[in-house]
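Chains, contacts and geometry: an overview
For reference, the chains in residue letters:
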Amino acid sequence: MTEKKPYPADMMEKLVSLAKRRGFIYQGSEIYGGLAGTYDYGPLGTALKNNIKNIWWRMFVDGRDDMYGMDASILMNPRVWETTGHVAGFADPLSECTKCKKRFRTDQIEDRTKCPECGGALGPERQFNMMLKTQVGAMEDSSSISYLRPETAQGMFVNFKNVVDSFHPKMPFGLGQTGKAFRNEITPRDFIFRLRELEQMEVEYFVKESDWQRAFEEWRVAMNTWIDTVGIDRARTHEVEIGDGDRAHYSKRTIDFEFEYPFGQKELYGLAYRTDFDLSRHSEASKVDLSYRDEEVGEKFIPHCIEPSFGLDRTMLAVLLSAYTEDTMGDSPREYLKFHPRVAPIKVAVSPLLKNKPELVEKAREVYDMLKKDIPQIMWDDNGNVGKRYRRQDEIGTPFCVTIDFDTLGETPEHKDTVTVRDRDTGNQKRLSIGDLKNYILEQIK
Ligand code: ATP
């Protein structure tokens with residue numbers, strides 16, 4: 001068990017401020033006053049997100065022989081959502097304050113009779129459906145109603161037969177995809193924790209019924225490996241077995257992976273045994289046979305399904321919170337993001353020691369151009385003095401800073417064609433030859 005460091009006071013304010021200031025995450029449509037439940041990822045946030053998504057894809061799709069990648073449409077035939085029960089039942093309990101008219105999710109407030117904001121009386125509880133409705137096509141009647149998908153999962157269930165017919169996979173096998181999902185959350189909040197537009201990375205893993213416990217355990221372990229791989233603090237992560245009364249109707253076993261956020265311990269990921277619920281329901285409703293034929297034993301059956309579900313935005317939040325560190329370096333306090341180098345949005349910054357010495361700048365450009373070919377997440381940084389550059393790079397989590405100085409040019413002959421490489425976490429510097437630099441960095445960002 002790793003040791004858990006406490007969050008500093010005002011953790012969320014500090015993180016939101018750093019994320020905005022340094023180009024990770026902005027409020028959605030900010031210049032128009034924002035749109036609740038939406039955030040925009042800036043250049044560094046996008047790089048971090050892409051790195052996380054690519055690691056996921058490599059680990060759970062490309063890295064396995066039993067997985068097939070998918071990219072299904074966000075808009076689906078509305079019958080999909082009638083069949084799954086989402087149109088009728090994808091709802092949270094809502095009450096409106098009779099005084100200030102604000103609306104609340106009643107399962108999230110302590111006293112269900114009183115408004116948590118103004119103390120007024122809360123009105124009766126009703127079910128509020130979270131599906132985001134839209135109109136598809138030119139007809140503006142009920143025949144054109146569709147929904148923005150509330151989960152990526154169904155895009156995989158409805159393509160189950162297509163993939164089986166194209167690839168004839170052997171059981172067990174799975175489908176994986178990443179993509180946007182939409183939920184009209186009653187109270188979006190806590191930065192990117194509860195959004196109305198979110199991104200998911202999901203796997204539907206198909207097994208014989210008799211094999212579900214083994215597969216469930218395999219995915220439980222894989223999810224923990226993932227948590228370590230992207231640098232989420234395991235000491236703050238907890239597996240919570242969801243009891244009989246609290247599981248979704250289709251699930252026979254669910255584990256929630258919860259994370260200790262500064263605003264409480266809440267869901268990060270879910271792992272569910274969905275039985276044969278989805279394929280059976282879609283078979284019945286569409287009249288298309290979604291059973292699987294095992295040629296070896298001549299058996300035909302509807303596969304059962306294990307679903308590891310990862311929220312990408314919650315991953316971003318947990319990675320950022322796990323990386324956020326305050327310490328003292330030299331004599332001054334420092335605030336920095338201690339990312340694992342494999343997720344860091346910028347892997348290396350390259351600087352000339354002084355920006356007004358053309359021979360240093362020219363040599364630094366040469367090193368920068370050489371590295372950029374194999375390490376595209378690189379930054380040229382010649383602003384201010386070296387100490388300030390290091391602090392700025394620490395703040396965005398850059399693991400290595402390379403500086404070209406007079407020794408590089410041969411002032412001390414034995415150091416010719418070497419550069420200094422500074423380590424973000426310790427502040428220590430060492431000299432490496434330019435020829436060894438690329439492999440040194442590549443080795444550590446794997
Ligand atoms: P919660 O109980 O927090 O509303 P949920 O149980 O409805 O979540 P699932 O339906 O299991 O969530 O969705 C799978 C994953 O998608 C979650 O584990 C989470 O990582 C992510 N997720 C769900 N809703 C949101 C949201 N509103 N904003 C950001 N991520 C979300």
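With an unreviewed UniProt entry as reference, the protein chain is termed glycine--tRNA ligase, source organism Candidatus Nomurabacteria bacterium GW2011_GWC2_42_20. Quoted verbatim from the Sequence similarities (unreviewed entry) heading of the UniProt record, the comment on the protein chain is "Belongs to the class-II aminoacyl-tRNA synthetase family."

1. Points about the overall build of the protein chain
Counting secondary structure elements, the protein chain contains 13 helices and 24 strands. By its C-alpha atoms, the protein chain is 80 × 65 × 50 Å across when sized along the principal axes. In the protein chain, which comprises 446 residues, the share counted as buried stands at 51%. Look at the contacts in the protein chain between residues 6 or more apart in sequence, and 65% of them connect residues 24 or more apart. Approximately 21,300 Å² of the protein chain is accessible, and the part contributed by carbon and sulfur atoms is 49%. For the protein chain, the distance from the average position of its 64 positive side-chain charges to the average position of its 73 negative side-chain charges is 3 Å.

2. A look at the nonpolar core
One broad rule of soluble globular proteins: the nonpolar side chains tend to lie buried together. Residues F24, W226 and F339 are the most contacted members of the largest nonpolar core, which totals 61 residues. Broken down by secondary-structure element, the contributors of at least two residues to this core are helix 1 (11-21), helix 2 (43-62), strand 11 (197-207), helix 7 (212-229), strand 13 (253-261), strand 14 (264-273), strand 17 (304-311) and helix 9 (312-323). Among all residues touching W226, those that are not within four sequence positions of it are I52, I55, W56, M59, F60, M201, Y269, F310 and T315. Counting 20 residues, the second-largest nonpolar core is a separate cluster that includes V348, A364, L432 and I434.

3. Considering the side chain of D66
Locating D66 in the fold gives a position in the loop between helix 2 and strand 3 (67-69). For D66, a relative accessible area of 19% puts it in the buried group. Polar contacts involving the side chain of D66 include one to the side chain of Y205, which spans 2.7 Å. Those residues in contact with D66 that lie beyond four places of it in its chain are P172, F173, G174 and Y205.

4. Things to note about the sheet that holds strand 8 (residues 132-135)
Note on sheets: strands pair through backbone hydrogen bonds, and any given pair is parallel or antiparallel. An order of 4-9-8 is seen for the 3 strands of this open sheet, with the pairing classed as antiparallel. The sheet is open, and its two borders are formed by strand 4 (75-76) and strand 8, each paired with just one other strand. Examined bridge by bridge, strand 8 and strand 9 (residues 145-148) share 4 bridges and lie antiparallel to one another. Paired with T134 across the strands is S146, a residue of strand 9.

5. Brief notes about the packing of aromatic side chains
One pass over the structure, following the stated rule, counts 28 aromatic pairs. Residues W56 and F60 carry aromatic rings whose centres are separated by 5.6 Å and whose planes lie at 70° to one another, so their mutual orientation is edge-to-face. Of this pair, W56 and F60 both sit in helix 2, separated by 4 residues, roughly a single helical turn. The buried category is assigned to W56, whose relative accessible area is 0%. On the basis of an interplanar angle of 85° and a centroid distance of 6.2 Å, the ring pair of Y68 and F173 is categorised as edge-to-face. Of this pair, Y68 sits in strand 3 while F173 sits in strand 10 (residues 173-182); the two residues are 105 residues apart in sequence, bridging distant segments of the chain. Of the residues examined, F173 reaches a relative accessible area of 1% and is grouped as buried. Joined through ring pairs, the aromatic side chains of W56, W57, F60, Y205, W219, W226, Y269 and F310 make up one cluster.

6. Section: the pattern of salt bridges
Enumeration over the complete set of coordinates arrives at 43 salt bridges. For D92, the salt bridge identified is with R105, shortest N-O distance 3.2 Å. Of this pair, D92 sits in strand 5 (residues 91-96) while R105 sits in strand 6 (residues 103-105), and the two are 13 residues apart along the sequence. Comparing D92 with R105 shows no difference in burial state: the two are buried. Between E443 and K446 there is a salt bridge, with the nearest N and O atoms lying 3.2 Å from each other. Each member of the pair E443 and K446 is classed as exposed. Several salt bridges share partner residues, and in doing so they unite R64, D66, D211, R214 and E218 into one network.

Thresholds applied
Residues numbered from 1 in each chain as written. Predicted model: local features only at pLDDT ≥ 70, side-chain atom pairs only at ≥ 80, totals over all residues. Heavy atoms only, no water. UniProt positions renumbered as here; feature names shortened; annotations may be inferred. Helix = DSSP H or I, 4+ residues; strand = E, 2+ residues; numbered from the N terminus. Buried < 20%, exposed > 50% of the residue type's maximum accessible area, 1.4 Å probe, protein only. Contact = heavy atoms within 4.5 Å. Areas by Shrake-Rupley, 256 points an atom, 1.4 Å probe, with all protein chains shown as cover. Lys, Arg positive; Asp, Glu negative; His and termini not counted. Charge placed at Lys NZ, Arg CZ, Asp CG, Glu CD. Core = buried A, V, L, I, M, F, W, Y, C linked by side-chain atoms within 4.5 Å. Polar contact = N/O pair within 3.5 Å; in protein donor to acceptor, adjacent residues only side chain to side chain. Pairing = 2+ DSSP bridges. Phe/Tyr/Trp six-rings, centres within 6.5 Å; stacked < 30°, edge-to-face > 60°. Salt bridge = Lys/Arg side-chain N within 4 Å of Asp/Glu carboxyl O.

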